[in-house]
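Structural characterization, general
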Amino acid sequence: MKVLDAVLGCWLCWILGYIHFQRNPHESTRPPAAPRRILLVRPGGMGDMILLIPVIRHLIRKFPSAQVDIICEKRNIEVLKLAGLRENAVAYDSGMLRVLRLLRSRQYDIAIDTEQFHNFSAIIAFLSRAPVRIGFKINPHRNLLYTHLVNYDLDDYEGIQFSMLLKPLDIGDFSYQLEGSIPAPESSIPVPEQAKLESLVKAGRLVTIHTGSTSIYKQWDIGKFASLVRTLTNDRGCSVALIGGCDDKVQINEVLRQAGSCNGKVASFAGNLALAETAELIRKSSLFVSGDSGLAHLAIAVGTPTVVIFGPTDPGKWGLGDLRHAIVRKPLACSPCFIFGYHKLCRSIECMAGISTEEVLAACDDFHIDAQENA
């Protein structure tokens, strides 16, 4: 898909942009004060969508009468539901025909492309026919498809960058805040194997750990995860819930095997939880530990303290480091090297391999997980 975007998407952007510029060389439309329909385009994974939630909320607050449509991946529709956003979401990976029908049937006043670099999202925004089209000024291939360009800072926190996309609308600044942006539901969501979860909560302060990663370059060693689980349960008196998808079951079973019995204070929920149930489990936890992942952003959004292990990705762009959120990384000259889904080829992946169990455990200890009563 990246190759198709880079080759075909690049040329389509150039062709469409050139033709449009020849017809509209001085296109510049002032954003309407009261738009009727707004289109948001959000390709990419769960982490980006979670980071976008505070921006969507602010947009809806400022334009309460506007219909907001969101084009995104199918998996991110669940993220929007979890956040309580009842906007019209269309999944482009369920069929582009439906997306094209939507663009043809609606007359949008504003289209905001939140994609940071790739091309196809800019084409979708252009095909919306919105007189105001906003996008990041970073990829010159697509710049002619937008009416308003926003500078993109490669080093600044990504949530702040998303908020910059609202600048052309002149609706005032707002204080971006990811933590707590996904509030607890009005009624508690039961988790499969609820009794097992309740047993863990009673056994000690609950630490939820996500051991998996979508990239081998961001994967921390399984043996070190097992050592961390063993120390948290046997020495710190915590209980541990291991979470992940169906693809993570083999990995998590290996963590359980290497960690040993842990006095019955560790359990796996891998492959058993929907997104809302995962959020509920994390919300009940005193601490969340993982590599850089969408679930790490989810933990912050539901208000749970986090310890996040960073390797090739930039913690200043994708992480939070404050009193409630810790970052563990190895400051190598070659790191970070992971940007826009691309990374340098690396055999040793020393930025992850060089992080010890003791370093991650020390970050966990900073939250006094062994000195407080159960949450």
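This text follows the structure it describes.
Residues numbered from 1 in each chain as written. Predicted model: local features only at pLDDT ≥ 70, side-chain atom pairs only at ≥ 80, totals over all residues. Heavy atoms only, no water.

Moving on to the sheet that holds strand 12 (residues 325-329). Strand order across the open sheet formed by six strands is 9-8-7-10-11-12, with parallel pairing between neighbours. Because the sheet does not close on itself, it has two edges, and the strands there are strand 9 (266-268) and strand 12. Ignoring strand direction, the axes of neighbouring strands in this sheet form an average angle of 20°. Here strand 8 (residues 239-243) pairs with strand 9 via three bridges, running parallel. Bridge assignment links leucine 242 to a residue of strand 9, and that residue is serine 268. Set on the sheet, helix 9 (residues 249-259) makes contact with strand 8 and strand 9; between it and strand 8 the angle comes to about 155°. (Pairing = 2+ DSSP bridges. Helix = DSSP H or I, 4+ residues; strand = E, 2+ residues; numbered from the N terminus. Axes fitted to C-alpha atoms, helices over the stretch in contact; angles between N-to-C directions. Contact = heavy atoms within 4.5 Å.)

Here the focus is the packing of helix 2 (residues 46-62) against helix 3 (residues 74-82). Packing of helix 2 against helix 3 brings their axes to within 10 Å, and their N-to-C directions diverge by 40°. Taken together, the axes of helix 2 and helix 3 are oblique relative to one another. Between helix 2 and helix 3 lies a crossing of right-handed hand. Taking contact as the criterion, the partners of Met46, Met49, Ile50, Ile53 and Ile56 in helix 2 are, on helix 3, Arg75, Asn76, Val79 and Leu80. In terms of residue class, the contact of helix 2 with helix 3 is built from seven nonpolar, one polar and one charged. (Parallel < 35°, antiparallel > 145°, perpendicular 65-115°, else oblique. Left-handed = near helix turned anticlockwise from the far one by under 90°. Nonpolar A, V, L, I, M, F, W, Y, C, P; charged D, E, K, R; others polar.)

What follows is about the nonpolar core. Ile112, Leu169, Phe269 and Leu298 are the most contacted members of the largest nonpolar core, which has 65 residues in total. It is helix 2 that contributes the most residues to this core, nine residues altogether. Among all residues touching leucine 298, those that are not within four sequence positions of it are Ile50, Leu82, Ile182, Leu275, Thr278, Ala279 and Ile282. Within the second largest apolar cluster, 35 residues are counted, among which are Tyr217, Leu228, Ala270 and Met352. (Core = buried A, V, L, I, M, F, W, Y, C linked by side-chain atoms within 4.5 Å. Buried < 20%, exposed > 50% of the residue type's maximum accessible area, 1.4 Å probe, protein only.)

Further remarks concern helix 3. The complete set of buried residues in helix 3 reads Asn76, Ile77, Val79, Leu80 and Leu82. Backbone geometry just after helix 3 places glycine 84 at a positive phi near 75°.

Looking now at the packing of helix 1 (residues 2-23) against helix 5 (residues 120-127). Packing of helix 1 against helix 5 leaves a shortest axis separation of 8 Å and a crossing angle of 35°. In the crossing of helix 1 with helix 5, the sense of the turn from one axis to the other is left-handed. For the pair formed by helix 1 and helix 5, the contact residues are Leu4, Asp5, Leu8, Gly9, Leu12, Cys13, Leu16 and His20 on the first element and Phe120, Ala122, Ile123 and Phe126 on the second. Classifying every residue of the contact of helix 1 with helix 5 gives nine nonpolar, two polar and one charged.

What follows concerns the pattern of salt bridges. Counted under the stated rule, the structure contains 14 salt bridges. Linking aspartate 69 and arginine 106 is a salt bridge whose minimum nitrogen-to-oxygen distance equals 2.6 Å. Taken together, the residues span a long stretch of sequence, with aspartate 69 in strand 2 (residues 67-72) and arginine 106 in the loop between helix 4 (96-105) and strand 4 (110-113) at a distance of 37 residues. Residue arginine 106 is classed as partly exposed on the basis of its relative accessible area, which comes to 23%. (Salt bridge = Lys/Arg side-chain N within 4 Å of Asp/Glu carboxyl O.)

In short, the description is geometric, and any link to function would need to be established separately.
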